[in-house]
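So the chains spell out like this:
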Amino acid sequence: MSEDHDEIDASRAPLLEHLIELRRRLLYCIIAIALGFGVSMYFSESIFGFLAKPLLAAGQGKLVYTEIFEAFFVQVKVAFFASVMIAFPVIANQLWQFVAPGLYRKEKRALLPFLLATPVLFLMGAAMAYYIAIPMALHFLLGFDGVVGGVRREALPAIGNYLSFIMQFLFAFGLAFLLPVLLMLLERAGIVTRKQLIGARRYAIVAATAVAAVLTPPDLMSQVLLAVPLIILYELAIIGIWFTERSRSKQAAVQDADATA
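Description of the structure in this document. Note that the coordinates shown come from a computational prediction; the quantities given were computed from them, not determined experimentally. (Residues numbered from 1 in each chain as written. Predicted model: local features only at pLDDT ≥ 70, side-chain atom pairs only at ≥ 80, totals over all residues. Heavy atoms only, no water.)

A closer look at the overall build of the protein chain
- Helix and strand counts for the protein chain stand at 10 helices and two strands.
- Listing the helices and strands of the protein chain from first to last along the sequence gives α-α-α-α-α-β-β-α-α-α-α-α.
- Summarising the internal contacts of the protein chain: among those between residues at least 6 apart in sequence, 84% fall at separations of at least 24.
- Within the structure as shown, the protein chain displays about 16200 Å² of accessible surface, and the carbon and sulfur contribution to it stands at 70%. (Helix = DSSP H or I, 4+ residues; strand = E, 2+ residues; numbered from the N terminus. Contact = heavy atoms within 4.5 Å. Areas by Shrake-Rupley, 256 points an atom, 1.4 Å probe, with all protein chains shown as cover.)

Thoughts on the packing of helix H4 (residues 70-99) against helix H6 (residues 159-176)
- The N-to-C vectors of H4 and H6 enclose an angle of 20°; their axes lie 9 Å apart at closest approach. By the angle between their directions, the pair H4 and H6 is classed as roughly parallel. Crossing geometry of H4 relative to H6 is assigned as left-handed. Between H4 and H6, the residues in contact are Glu 70, Ala 71, Val 74, Lys 77, Val 78, Phe 81 and Met 85 and Ile 159, Gly 160, Asn 161, Leu 163, Met 167 and Phe 171, respectively.
- Here the contact of H4 with H6 is composed, by residue class, of nine nonpolar, two polar and two charged. (Axes fitted to C-alpha atoms, helices over the stretch in contact; angles between N-to-C directions. Parallel < 35°, antiparallel > 145°, perpendicular 65-115°, else oblique. Left-handed = near helix turned anticlockwise from the far one by under 90°. Nonpolar A, V, L, I, M, F, W, Y, C, P; charged D, E, K, R; others polar.)

Focus: the packing of helix H2 (residues 15-42) against H4
- For the pair H2 and H4, interaxial distance at closest approach is 7 Å and the crossing angle is 145°. The interaxial crossing formed by H2 with H4 has right-handed handedness.
- Class assignment of the residues belonging to the contact of H2 with H4 gives a composition of 17 nonpolar, seven polar and two charged.

Some thoughts on the packing of aromatic side chains
- Applying the stated criterion to the full structure yields 13 aromatic pairs.
- Plain terms: the ring middles of Phe 69 and Phe 73 are 6.2 Å apart, the flat faces sit at 55° to each other, and that makes the pair tilted.
- For Phe 73, a relative accessible area of 45% gives the class partly exposed.
- A ring pair is formed by Tyr 130 and Tyr 131, whose centres lie 4.8 Å apart and whose planes are at 85°; its orientation type is edge-to-face.
- For Tyr 130, a relative accessible area of 8% translates into the label buried.
- Overall, Tyr 131 belongs to the exposed group, its relative accessible area being 58%. (Phe/Tyr/Trp six-rings, centres within 6.5 Å; stacked < 30°, edge-to-face > 60°. Buried < 20%, exposed > 50% of the residue type's maximum accessible area, 1.4 Å probe, protein only.)

Things to note about the pattern of salt bridges
- With the rule as written, the count across this model stands at three salt bridges.
- With its nearest N and O atoms 2.9 Å apart, the salt bridge here joins Arg 24 to Glu 21. Here Arg 24 pairs with Glu 21, and both are found in helix H2, just three residues apart, close to one helical turn.
- The closest approach of N and O atoms between Glu 21 and Arg 25, which form a salt bridge, is 2.7 Å. Highlighted residues: Glu 21 and Arg 25, both in helix H2, separated by four residues, approximately one helical turn.
- Overlapping salt bridges bring together Glu 21, Arg 24 and Arg 25 as one network. (Salt bridge = Lys/Arg side-chain N within 4 Å of Asp/Glu carboxyl O.)

Remarks on the nonpolar core
- Counting 49 residues, the largest nonpolar core has Ile 166 and Leu 170 as its most contacted members.
- At 11 residues, helix H5 (residues 105-141) tops the list of elements feeding residues into this core.
- Aside from chain neighbours lying at most four places away, what touches Leu 170 is Leu 51, Phe 122, Ala 126, Ala 129, Tyr 130 and Ile 134. (Core = buried A, V, L, I, M, F, W, Y, C linked by side-chain atoms within 4.5 Å.)

Below is the structure:
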C-alpha cells in the first residue's frame, strides 16, 4: 500500500497544472477529430452509401430532400459521426493518460480492461443494429406502401430523416451493449453489489422493455431485438461481477497469507 501511496504522491500536481494538462488532452482529441473529419468528409458519400444499403435491401431506392441545404448537412453529419469513430482510440488514450496518474496501480489494472472493452462492445451492438434490427424495422415501416381507400400511399423518406433514423438505431444498440461495462464499473466503485443486481432483476427486465419501446419503432420485433440483448447483457454483467469478486477474494487471501508469513 505504501508503494501505491508513493505512486499517487509522485503524480500530484497543483490545480493549474491539472487544468493545463486537461487542455492539452482536449486539444489532442480535437485535432484527432478534425483530421478524421477531413478524411471522412472526402468519403462521406461512400459512407452514406454504406448506411443506405439496408434501405436498398428493403426495396426503397429513393431518398429525397426538401430543403436546399439538407443534403449538404447530411454529408457533414455523416463525416462528423465517422470522425468520432475514427478518433475514438485517440480520445480513449488521452482520457486514460489524464486519469491514470490519479489512480492506484490496482485501480489501473481494474479500469484498463473496461476501457478496452468499450469500443468492442459498442461495435457489436452497432453491427447487430445494422445487420438485423434496421432491416427488420425498415421491412415493417415500408410495408405500409400501397393503395388505401383508393389513394396511392408511397414512402418517400427524406435523406435527413433517414440518417437520424439509422443513427438512432446504431447508437441505441451500441450504448445498450455497454451495459455490462457500466454495471461492473458501478460495482467496482461500491455503488451497487451483485446481490442488489440479482434482487433488482425483475425491475431490470421492465426497464429493458421500456427502453426498447422508446428507442425503437413501434413494431414488436424491433423492440424484442433490443430488449432481449439488454436482459442477457444484464445477466452477463452479474456473472462478470461474480468472477471479479472471486478474483479479488483470492488476491486478498494471498495478501493476508503474505502479511502473516
